[in-house]
Amino acid sequence: MHKIEIKIAKDFVTTPGPRYKKEGSHSGELFRDTILYPKLKEAINENIILQVDLDGTAGYGTSFLEESFGGLIRENNLTIDVINKHLQIISSEEDYLCEDIQHYLEDAESKRKK
Amino acid sequence: MQNQKGKNKRVFGICLLAVALLGGIIIGKLIDFTYFKVEKTINLIDILSIIVTVLAAYFVTKILDKEKQDYRTEKDLIIKRTEDIYQLLEDSHGKVVTGLIKYQEAASHCKRINVSLSCIYRIMNNVNLNVDIALKKDVLDNTKKLRDLLTDTPKISEDQIQSSNLPSEVKDSFVHLTQNRILEIEAMYDKLRDNILLLQLDINKK
């Protein structure tokens, strides 16, 4: 299966910011709106994988990651099944972040269903 | 200089051996041991046995001592690395309580703590230094809790932001925390300091 790749440090910024655009620069909301969601939509339409590489940044705040990935369900109305089918997160520097992101997705999905 | 010292040591050793040998011969010739008999011949097997025992003692002591010394050095180096985490905690703690920390900086501090911890755990595995698994997990869990306390702002609308007393919010990229949240963060810093100290003690005991 072909894949599209995003490396946040290269394609977005090396110092990811807070949750919302109004809170400061390079927010999770901005990343989701301008890069993550458009690329994921492309991957879904072409039935391929979107690989997101988290390495190389100064560090991620919880809000940035939650808004970026949880927001795909909350704001962009995607389901966790579709996301898990087309999205692959990789990180060798902070491997626990992949697990955290999965947890944010599950949390957002469970709140959407309520 | 070092070479000369080694040479002197060897000469001294040879002299000592010669003196001991001569002393033994003289004592054997001159002194009459009333209750003991001094043999004029030496069994070859006994000599071989003595030589093998001396060589074995020398090599075992030398090798075991070196291994012990290497292990001690490895433990000291790992403990030194955990002290760096202590320093990272101190640095970020100072900034958090003054309310002058940028969101990106807080996230960066958390990453550095996590990456340093992962590095230490990897090195400990490489040198077969097995510390308490529950303690290792506790340190990682508390680091994650600290990251959440510092960088997890609520998911709420603009209206809610205006009307609520939020535990933490970000304005112009700076993290603003309520007094309660600061207390929670301070408690987490204390827990992490304790965790690191316990980790150091556990490493030292191994």
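Quick summary incoming for the structure in this document. Bear in mind that the values here come from a model prediction, so they are computed numbers and not experimental data.

Calculation criteria
- Residues numbered from 1 in each chain as written.
- Chains lettered and ligands numbered in written order.
- Predicted model: local features only at pLDDT ≥ 70, side-chain atom pairs only at ≥ 80, totals over all residues.
- Heavy atoms only, no water.
- Helix = DSSP H or I, 4+ residues; strand = E, 2+ residues; numbered from the N terminus.
- Buried < 20%, exposed > 50% of the residue type's maximum accessible area, 1.4 Å probe, protein only.
- Contact = heavy atoms within 4.5 Å.
- Buried area = accessible area lost by both parts, 1.4 Å probe.
- Salt bridge = Lys/Arg side-chain N within 4 Å of Asp/Glu carboxyl O.
- Phe/Tyr/Trp six-rings, centres within 6.5 Å; stacked < 30°, edge-to-face > 60°.
- Polar contact = N/O pair within 3.5 Å; in protein donor to acceptor, adjacent residues only side chain to side chain.
- Axes fitted to C-alpha atoms, helices over the stretch in contact; angles between N-to-C directions.
- Parallel < 35°, antiparallel > 145°, perpendicular 65-115°, else oblique.
- Left-handed = near helix turned anticlockwise from the far one by under 90°.
- Nonpolar A, V, L, I, M, F, W, Y, C, P; charged D, E, K, R; others polar.

Residues and elements named next belong to chain A. Locating Leu65 in the fold gives a position in helix 3 (residues 62–74). Overall, the relative accessible area of 0% leaves Leu65 in the buried class. In contact with Leu65, not counting residues within four places along its chain, are Tyr60, Gly70, Leu97, Ile101 and Tyr104.

Quick look at the interface of chain B and chain A now. Between chain B and chain A, the residue contacts involve 22 residues of the former and 28 residues of the latter. Of the roughly 1,900 Å² buried between chain B and chain A on both sides combined, carbon and sulfur atoms contribute 43%. By the criterion of area lost to chain A, the three top residues of chain B are Lys111, Arg147 and Lys155 of chain B, representing 33% of everything that side buries. Where chain B packs against chain A, one counts 5 salt bridges. Here Asp100 of chain A ties to Arg147 of chain B by a salt bridge, and the two come within 2.9 Å at their closest N and O atoms.

On to the environment of Gly24 of chain B. Residues and elements named next belong to chain B. Turning to its location among the elements, Gly24 is positioned in helix 1 (residues 2–30). Look at Gly24 and you get partly exposed, because its relative accessible area is 41%. As for Gly24 and Asn195, which are separated by 171 residues in sequence, their C-alpha atoms are 62 Å apart.

Residues and elements named next belong to chain A. As enumerated under the stated definition, the model contains 5 aromatic pairs over all chains in all. For the pair Tyr60 and Phe64, a centre-to-centre distance of 5.7 Å together with 40° between the ring planes defines the contact as tilted. The buried category is assigned to Phe64, whose relative accessible area is 0%. Chaining the aromatic ring pairs together yields one cluster made of Phe12, Phe31, Tyr60 and Phe64.

What follows deals with the side chain of Arg147 of chain B. The topology assignment puts Arg147 of chain B in helix 4 (residues 133–151). Owing to a relative accessible area of 2%, Arg147 of chain B belongs among the buried residues under this scheme. For Arg147 of chain B, the side chain forms a polar contact with the side chain of Thr62 of chain A, separated by 3.4 Å. One polar contact links Arg147 of chain B to Tyr104 of chain A, side chain to side chain, over a distance of 3.3 Å. The residues touching Arg147 of chain B, leaving out its near neighbours within four places in the chain, are Tyr60, Thr62, Tyr96, Leu97, Asp100 and Tyr104 of chain A together with Cys110 and Asp152 of chain B.

Residues and elements named next belong to chain A. Where helix 3 contacts helix 5 (residues 96–113), the axes come no closer than 8 Å and their chain directions differ by 45°. In terms of axis orientation, helix 3 runs oblique to helix 5. Where helix 3 crosses over helix 5, the two elements pack in a sense that is right-handed. Across the interface between the two elements, Thr62, Leu65, Glu66, Phe69, Gly70, Ile73 and Arg74 of helix 3 pack against Leu97, Ile101, Tyr104, Leu105, Ala108, Glu109 and Arg112 of helix 5. Per-class residue counts for the contact of helix 3 with helix 5 are 8 nonpolar, 2 polar and 4 charged.

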